[in-house]
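Observations on the three-dimensional arrangement
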Amino acid sequence: MPTDVPALQERFHAVIPGGSHTYAKGDDQFPESMAPYLVRGKGCRVWDTEQKEYIEYGMGLRAVTLGHAYAPVIKAAQREMLRGTANVGRPTMLELRAAEDFLETTGAGDMVKFAKNGSDVTTAAIKLARAATGRDLVACCQDHPFFSTDDWFIGTTAIRAGIPDSVRQLTLGFRYNDLGSVERLFAGHPGQIACIILEIEKETPPAPDFLPGLRRLCDQHGTVLIFDEIITGLRWHVGGAQALYGVKPDLSTWAKALGNGFSIAALTGKRELMELGGLHHQKERVFLLSTTYGAESHSLAAMRAVLATYRREPVNEHMQQVGEYLRRLVAQSIAEYHLTEHFAVLGQPQCMVYATRDADRQPSQPFRTLVLQEALRRGLLLPSLIVSYAHQPADIELTAERLHEVLGVYRKALDEGLDKYLHGRSVQPVYRARN
């Protein structure tokens, strides 16, 4: 029996503000009356309430790198759940083994503290930096869309209702790949900046001198360098993008791929900083991270299974290969339809996005909506072009065939007018929330 989607949508919005617990999954991020409600996922495919199948290219907002319901991870979590959850009265041996496993596998720090989402650990990193330096100001990259749900970051965005001006004034901005903008911050606020925080890479790779330059400036000014590896950790390299580019931060934050869909995040870094949240020092103690479910057993077991898979199998190499294959095939369609100035695939092959431009070559949300609309009709859930270990060459080829049809409609809309092909309102841009 077909699902009454409008009635289901009404039920969602009646009990959940916005109809979704994550902004990037909201109805306003999809074509009107076309957002599917999903019931399950397996590998690189998901199914909706009407059992329609989609090849997915969002992969849990980049959290799923091994594929949905990846058996070794699911089995590890199931085994641990039978031994009890996090709510025993003292630390478990699993917590120790998970911490050692993370540190040995990633090489990203001397100590680690686990939590449940990226906002927890980025905010904890900010707190550590302020405690260590005795300074209040935070500098974050203006070209990166999202760091935390907490006030220190959301106060810098357009959605800042409820955040005091005094808090908003404590966060400064700089531009990616622009060392001059960072130097000007230090010059304008001497001895006041506690930390610099940024993602190592989004769609644009770091300029050769940018990351080393940040390291040099932070050392020069006594500022803590924080790398947000929520997305890049594991997906770029088992040691994170910091290992790929050879620049070591003082602190780094990890989540997403760590659990392959299970809720696990990590703050890691230098011992002299991390230990401020511990017991073995004479300085004022930092209330770092204390979460009831930070050491939830099945999530830690899932993370250990994920790390073991990365050590054992060519996960990164596979994602890079299938991502590059998809890019090449889509490039052929772009060329055939003469869309070079209107549609582009951006980013590293394992984490690509697409850009849409209108007839005047200006960024266009309506044309993005058109792509989503036509992709959904063809069984593609395409908020981005994120691949996983589960995507195989046959999946990529099928996707490319369907995208070829989508881009054919795109070409017609450019030539004949968008209104003829776009049905309903345009999707709205959103900060890509991680929680």
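Below is a short write-up of the structure. Keep in mind that what you see is a predicted model, and the values were worked out from it rather than measured. (Residues numbered from 1 in each chain as written. Predicted model: local features only at pLDDT ≥ 70, side-chain atom pairs only at ≥ 80, totals over all residues. Heavy atoms only, no water.)

Within the secondary structure, Lys25 is located in the loop between α1 (5–15) and β1 (38–42). The spatial distance from the C-alpha of Lys25 to the C-alpha of Ala35 is 9.0 Å, given a sequence separation of 10 residues. For Lys25, the contacting residues outside a window of four places in its chain are Ser20, Phe30 and Leu61. (Helix = DSSP H or I, 4+ residues; strand = E, 2+ residues; numbered from the N terminus. Contact = heavy atoms within 4.5 Å.)

Tallied over the full model, the rule gives 11 aromatic pairs. A centroid spacing of 6.2 Å and a plane angle of 85 degrees characterise the contact between Phe102 and Phe114, whose relative ring orientation is edge-to-face. Taken together, the residues span a long stretch of sequence, with Phe102 in helix α3 (residues 93–106) and Phe114 in strand β4 (residues 111–115) at a distance of 12 residues. On the basis of an interplanar angle of 40 degrees and a centroid distance of 6.4 Å, the ring pair of Phe147 and Trp152 is categorised as tilted. One aromatic cluster is present, formed by Phe146, Phe147, Trp152 and Phe153 through successive ring pairs. (Phe/Tyr/Trp six-rings, centres within 6.5 Å; stacked < 30°, edge-to-face > 60°.)

Running from amino to carboxyl end, α3 crosses helix α11 (residues 297–312) at an angle of 30 degrees, the nearest separation of the two axes being 10 Å. Between α3 and α11, the crossing angle belongs to the class labelled roughly parallel. In this structure, α3 meets α11 at a crossing whose hand is left-handed. Mapping the contact onto sequence places Leu94, Glu95, Arg97, Ala98, Asp101, Phe102 and Thr105 in α3 and Ser297, Leu300, Ala301, Met303, Arg304, Leu307 and Arg311 in α11. When grouped by side-chain class, the residues that make up the contact of α3 with α11 number seven nonpolar, two polar and five charged. (Axes fitted to C-alpha atoms, helices over the stretch in contact; angles between N-to-C directions. Parallel < 35°, antiparallel > 145°, perpendicular 65-115°, else oblique. Left-handed = near helix turned anticlockwise from the far one by under 90°. Nonpolar A, V, L, I, M, F, W, Y, C, P; charged D, E, K, R; others polar.)

Moving on: the side chain of Glu80. Of note, Glu80 is situated in helix α2 (residues 71–81). Look at Glu80 and you get buried, because its relative accessible area is 16%. Setting aside anything within four residues of it in sequence, one finds Glu80 in contact with Leu94, Ser297, His298 and Ala301. (Buried < 20%, exposed > 50% of the residue type's maximum accessible area, 1.4 Å probe, protein only.)

Before going further, it helps to examine helix α14 (residues 393–416). In this model α14 runs 34 Å from its N-terminal to its C-terminal C-alpha over 24 residues, within 8% of the 34 Å that 1.5 Å per residue would give. Residue Gly417 follows α14 closely and has a positive phi angle near 110 degrees. (Expected span 1.5 Å × (residues − 1).)

With a phi angle near 80 degrees, Arg62 is a residue other than glycine that sits in the positive phi range. Relative to the elements of secondary structure, Arg62 occurs in the loop between β3 (53–56) and α2. For Arg62, a relative accessible area of 8% puts it in the buried group.

Further remarks concern the side chain of Glu201. Structurally, the position occupied by Glu201 is in the loop between β7 (193–199) and α8 (210–221). Buried charge Glu201 goes without a salt bridge, the closest partner of opposite sign being Arg327 at 8.7 Å. Among the polar contacts listed, one links the side chain of Glu201 to the side chain of Tyr245, at a separation of 2.6 Å. With residues near it in sequence (within four places) discarded, Glu201 still touches Tyr176, Pro206, Thr232, Trp236, Tyr245 and Gln348. (Lys, Arg positive; Asp, Glu negative; His and termini not counted. Salt bridge = Lys/Arg side-chain N within 4 Å of Asp/Glu carboxyl O. Polar contact = N/O pair within 3.5 Å; in protein donor to acceptor, adjacent residues only side chain to side chain.)

All right, on to the nonpolar core then. The tendency in soluble globular proteins is for nonpolar side chains to be buried as a group. In this structure, Phe102, Phe114, Leu258 and Phe343 are the most contacted members of the largest nonpolar core, which totals 66 residues. Looking at this core, the elements that each hand over two or more residues are α2, α3, β4, α11, α12 (315–336), β11 (343–346), α13 (365–377) and α14. In this structure Phe102 touches Gly107, Val112, Phe114, Trp254, Leu258, Ala266, Thr268, Met303 and Leu307, once residues within four positions along its chain are discounted. Ala115, Trp152, Tyr176 and Ala265 belong to the second largest nonpolar core, which has 60 residues in total. (Core = buried A, V, L, I, M, F, W, Y, C linked by side-chain atoms within 4.5 Å.)

Right, let's get into the sheet that holds strand β13 (residues 380–381). Pairing is mixed in the open sheet, where four strands are placed in the order β1-β2-β3-β13. Pairing within the sheet leaves two strands with one partner each, and these edge strands are β1 and β13. Pairing between β1 and strand β2 (residues 45–48): four bridges, direction antiparallel. Across the sheet, residue Leu38 finds its bridge partner in β2, namely Asp48. Relative to the sheet, α14 contacts β2, β3 and β13, its axis offset from that of β3 by approximately 105 degrees. (Pairing = 2+ DSSP bridges.)

Spatial ordering of the open sheet is given by β4-β10-β9-β8-β7-β5-β6, a layout of seven strands whose pairing is mixed. The open sheet is flanked by β4 and β6 (171–174), the only strands paired with a single partner. Averaged over all adjacent pairs, the angle separating strand axes in this sheet is 20 degrees, with direction ignored. Against the sheet, α8 engages β6, β7 and β8 (224–229), with an angle of about 145 degrees to β8.

That is the geometry; function is a separate question.
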